[in-house]
Amino acid sequence: MRGRRRAPRPPIPWRSPWTPVVCLAGALAVATLVAVSFLAKDVTVVVDGRPMAVRGFAGSVRDVLDEAGVKLSFGDVVRPGTEDEVADGSRIEVHRARPLVLTLDGRTTKHLVTSTNVGDALAELDISPAAGKISAPRDEAVPLSGMSLTVYTRRKVYVVAGVTRVASSTTARTVREVLRRNRITPNDGYVVSPPLGSFPKDGTVITVTPLRTTPIQLDVLRLNWVALATCLSGGDPLAYNSDGPYYGVYQFSLPVWKAVGGMGLPTAWPVEEQTYRAQLLYQQVEGKWRGPWPSCGDRLLT
């Protein structure tokens, strides 16, 4: 009986002449991957306060930003510098520039800021309106597209109207607003300096001066105004009678005072101004003094 023939043995791979080469190549590949993994750097990129992790092989800050897709524009601030080398664990901060149109106390200028909110932007520009007025909340974001901002600082101004002297701490935009806040409303025939629409800078002195546009007739000037004043008020420009009430040297009621162009209270003006308004009143009533001064009007004729 014939013996069975054995099947041929399959070739053993490691006995192939290429086996050492293949094994060496594999080992080199693994070694290369291990070496490359050690060369990779983990870098943190912070853009406007928002961090992102970047892993790569970039050698400089600029290359890292390119890998992270961060585009730089004019005015952006990068720390460290774009040409500086980076190491594993480095931190790169990018503050992007934002255009800001600033109107400060009426004067408009253009700036680039890297702050992300209004309060920090003002601090960046060295502006501290602690008690001033700002057109936007301090915590409002400054968008990349930019924004306009109006700031009025608190200033010290002075108002002189007759005998009235007022020192005012204000954020007002105009002289008119300063007077309104101090309850001073110039009537026609009064000159305000600086003009009502002008900006009251720190230290401004605002004067309100009455213009005597209506002349006083000579025969009216010759009347005894001192005698009338003495009879009515003892010649006191600050005299006050609660019965009317009546004010000043000639005891004006407020409606009559305003009717002859007076502003504010008669007692806020010197004797000369009160006398001028009394003479205007005499001319308006055509010398009929018994109407405005029934008890003392006859003194004018002495």
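Residues numbered from 1 in each chain as written. Predicted model: local features only at pLDDT ≥ 70, side-chain atom pairs only at ≥ 80, totals over all residues. Heavy atoms only, no water.

## A word on the nonpolar core
The criterion, for reference: Buried residues of nine kinds, namely Ala, Val, Leu, Ile, Met, Phe, Trp, Tyr and Cys, make up a nonpolar core once their side-chain atoms join them within 4.5 Å. Burial status follows relative accessibility: with a 1.4 Å probe on protein chains alone, a residue under 20% of its type maximum counts as buried, one over 50% as exposed, and anything between as partly exposed. Numbering of helices and strands runs from the N terminus, with a helix taken as a DSSP run of H or I at least four residues long and a strand as a DSSP run of E at least two residues long. Note on contacts: a residue pair qualifies if any of its non-hydrogen atoms lie within 4.5 Å across the two residues.
Ranked by size, the top nonpolar core spans 35 residues in total, and within it Trp225, Tyr250 and Trp293 carry the most contacts. At the level of secondary structure, the elements contributing two or more residues to this core comprise strand E9 (155-161), helix H4 (175-181), strand E11 (190-193), strand E12 (205-210), helix H6 (225-233) and helix H8 (271-284). The greatest single-element share of this core, amounting to five residues, is contributed by H8. Beyond its immediate stretch of four places on either side in the chain, Tyr250 contacts Trp225, Leu228, Ala229, Leu232, Gln274, Thr275, Ala278 and Trp293.

## Describing the pattern of salt bridges
Selection rule: The salt bridge criterion pairs a side-chain nitrogen of Lys or Arg with a carboxyl oxygen of Asp or Glu, the two atoms within 4 Å.
One pass over the full model with this rule turns up eleven salt bridges. The partner of Arg173 in a salt bridge is Glu177, and the shortest N-O contact between them spans 3.5 Å. For Glu177, a relative accessible area of 7% gives the class buried. Among the salt bridges present, the one from Glu177 reaches Arg181, with a minimum N-O distance of 2.4 Å. Here Glu177 pairs with Arg181, and both are found in helix H4, just four residues apart, close to one helical turn. The exposure class of Arg181 is partly exposed, given its relative accessible area of 39%. Several salt bridges converge on common partners, so that one network encompasses Asp48, Arg96 and Arg98.

## What to know about the side chain of Lys41
Just so we agree on the cut-off: Under this definition, polar contacts are N or O atom pairs within 3.5 Å; protein pairs additionally need one hydrogen-donor-capable and one acceptor-capable atom, and for neighbouring residues in sequence, both atoms have to be side-chain atoms.
Structurally, Lys41 can be placed in strand E1 (residues 41-47). Only 3.1 Å separates the side chain of Lys41 from the backbone oxygen of Ala58, close enough to count as a polar contact. Of the polar contacts made by the side chain of Lys41, one reaches the backbone oxygen of Val86; its length is 3.2 Å. If we ignore the near neighbours within four places in the chain, the residues touching Lys41 are Val54, Arg55, Gly56, Ala58, Gly59, Val86, Ala87 and Asp88.

## Quick notes on the packing of aromatic side chains
Rules: Under the pairing criterion, centres of Phe, Tyr and Trp rings, with the six-membered ring standing for Trp, must be within 6.5 Å; the plane angle then separates stacked pairs below 30 degrees from edge-to-face pairs above 60, leaving the rest tilted.
One pass over the full model with this rule turns up seven aromatic pairs. Ring centres of Tyr190 and Trp269 lie 5.6 Å apart, and the angle between their planes is 55 degrees; on these two criteria the pair is classed as tilted. Of this pair, Tyr190 sits in strand E11 while Trp269 sits in the loop between helix H7 (254-259) and H8, and the two are 79 residues apart along the sequence. Relative to Trp257, the ring of Phe252 lies with its centre 5.1 Å away and its plane at 65 degrees, an arrangement referred to as edge-to-face.

## Looking at the state of the cysteines
Just so we agree on the cut-off: When two cysteine sulfur atoms lie within 2.5 Å, the pair is treated as a disulfide.
Tallying each qualifying case throughout the model produces one disulfide. Paired by a disulfide, Cys231 and Cys296 hold their sulfur atoms 2.0 Å apart. Here the S-S torsion is close to -65 degrees, and the disulfide linking Cys231 with Cys296 is therefore left-handed. Note that Cys231 is positioned in helix H6 and Cys296 in the segment after H8, a separation of 65 residues in sequence.

## What to know about the sheet that holds strand E10 (residues 164-170)
Whether parallel or antiparallel, the strands of a sheet pair through hydrogen bonds between backbone atoms. Going by this rule: Strands pair, by our definition, only if DSSP identifies at least two bridges between them. Only the contacting stretch of a helix is used when fitting its axis, a line to C-alpha atoms as for every element, and angles between N-to-C directions run 0 to 180 degrees.
Strand order across the open sheet formed by four strands is E10-E9-E12-E11, with mixed pairing between neighbours. At either end of the open sheet lies a strand with only one pairing partner, and these are E10 and E11. Going across the sheet, the axis of each strand differs from the next one's by a mean of 15 degrees, ignoring polarity. Relative to E12, E11 is paired through four bridges, and the arrangement is antiparallel. Bridging from a neighbouring strand, Val191 pairs with Thr209 of E12.

## Describing the sheet that holds strand E6 (residues 107-113)
One open sheet holds the four strands; their spatial order is E6-E5-E8-E7, and the pairing between them is mixed. The open sheet has two edge strands, E6 and strand E7 (133-134), and neither has a second partner. Sheet analysis places strand E5 (residues 98-104) next to strand E8 (residues 147-152), joined by five bridges and oriented parallel. By the bridge assignment for E8, Val101 is matched with Ser148.

## Remarks on the pairing of strand E2 (residues 50-56)
By the bridge criterion, seven bridges tie E1 to E2 in an arrangement that is antiparallel. Within E2, the position partnered with Val45 by the bridge is Met52. Once E1 ends, the chain turns through two residues before running back antiparallel as E2, passing Asp48 with a positive phi of about 50 degrees.

## Overview of the environment of Arg277
Structurally, Arg277 is set in helix H8. As for Arg277 and Ile216, which are separated by 61 residues in sequence, their C-alpha atoms are 9.8 Å apart. Apart from residues no more than four positions distant in its own chain, Arg277 is found in contact with Tyr190, Pro210, Leu211, Phe252, Trp257, Val260, Gly261 and Gly262. Separated by 2.9 Å, the side chain of Arg277 and the backbone oxygen of Val260 make a polar contact.

## Details of the confidence of the model for the protein chain
Here is the rule: Predictor confidence is given residue by residue as pLDDT, running from a minimum of 0 to a maximum of 100.
Summary statistics for the protein chain give a mean pLDDT of 89 and a share of 87% for residues scoring 70 or more. Across the protein chain, strand E14 (residues 246-247) holds the top mean pLDDT of 98, while helix H1 (residues 19-39) sits lowest at 50. Counted against residues more than four places away or in other chains, residues 29-38, with its pLDDT under 50, gives two contacts.

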